[in-house]
Amino acid sequence: MIRYVLAVILAVALLAIAVPAIDHAATLNTERTLDSDLAALDEAATSLAATDELSPDGHPNPQRVVTVTLPTRSMTTTGVDHVEIVPHERGDFSTARYVLEDGTTRERTIDERIVWDDPAATEPVELGGSGERRLALTLRADPDGDAVVVASEA
């Protein structure tokens, strides 16, 4: 009988030690996924602005499609509360920020200014929920005729 009690106590102690490590690994796995996807988005936006030109009227605008994966909470991943890409008003860059369900917040700089859906506006890109989100990055002209990277759902 004492052996069974000791076995249960040992199992509970091992579980108490393992749970924080599992949660930490899940957070790191989600961060790695989001960091990789945001790096791909940064590269696509930078490449689009650097290598393509605005199309004449009546022709399709240059475009890149990027997939951003927002993991759900599981044993191996932490859920994502939201991701946002905020264009800076004074500068040709954006700040990508994500918040995980456990409160972890990270930011990174995107080397291109990215606006949501309208080249004349300054709306940030906001993603929430879980699963894969396909973003179409399109090079379009703002009211001054300057090229702007515009994001929309693909």
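Everything numeric in this text was worked out from a predicted model, so none of it was measured.

Rules and cut-offs
- Residues numbered from 1 in each chain as written.
- Predicted model: local features only at pLDDT ≥ 70, side-chain atom pairs only at ≥ 80, totals over all residues.
- Heavy atoms only, no water.
- Pairing = 2+ DSSP bridges.
- Helix = DSSP H or I, 4+ residues; strand = E, 2+ residues; numbered from the N terminus.
- Axes fitted to C-alpha atoms, helices over the stretch in contact; angles between N-to-C directions.
- Contact = heavy atoms within 4.5 Å.

Student: I keep staring at the sheet that holds strand β7 (residues 131-141) and nothing clicks. Help me out?
Tutor: Strand pairing in a sheet relies on backbone hydrogen bonds, with the paired strands running either antiparallel or parallel. Spatially, β1-β7-β8-β5 is the arrangement adopted by the four strands of the open sheet, whose pairing is mixed. On the outer flanks of this sheet lie β1 (63-70) and β5 (114-116), each paired with one strand and no other. Neighbouring strand axes in the sheet, compared pairwise and without regard to direction, differ in orientation by 35° on average. Where β1 lies against β7, eight bridges are found, and the strand directions are antiparallel. Residue pairing for β7: Thr 67 is matched across the bridge by Arg 134. With respect to the sheet, helix α1 (residues 2-51) is in contact with β1, β5, β7 and β8 (147-153), its orientation differing from that of β1 by roughly 170°.

Student: Help me understand the environment of Met 75 in this model?
Tutor: Considering the arrangement of structural elements, one finds Met 75 in the loop between β1 and β2 (80-87). Sequence separation of Met 75 and Ala 26 is 49 residues, and the distance between their C-alpha atoms is 6.6 Å.

Student: Sorry, what's going on with the sheet that holds β2 here?
Tutor: Strand order in the open sheet formed by four strands is β4-β3-β2-β6, with antiparallel pairing between adjacent strands. What marks the edges here is a single partner per strand, and that holds for β4 (105-110) and β6 (125-128). On average, each strand axis in the sheet is inclined to that of its neighbour by 10°, with strand direction left out of account. For β2 and strand β3 (residues 94-100), the ladder comprises seven bridges, and the chain directions are antiparallel. Looking at the pairing, Glu 84 lines up with Arg 97 of β3. Packing against the sheet, α1 makes contact with β2, β3 and β4, and its axis sits at approximately 15° to β4.

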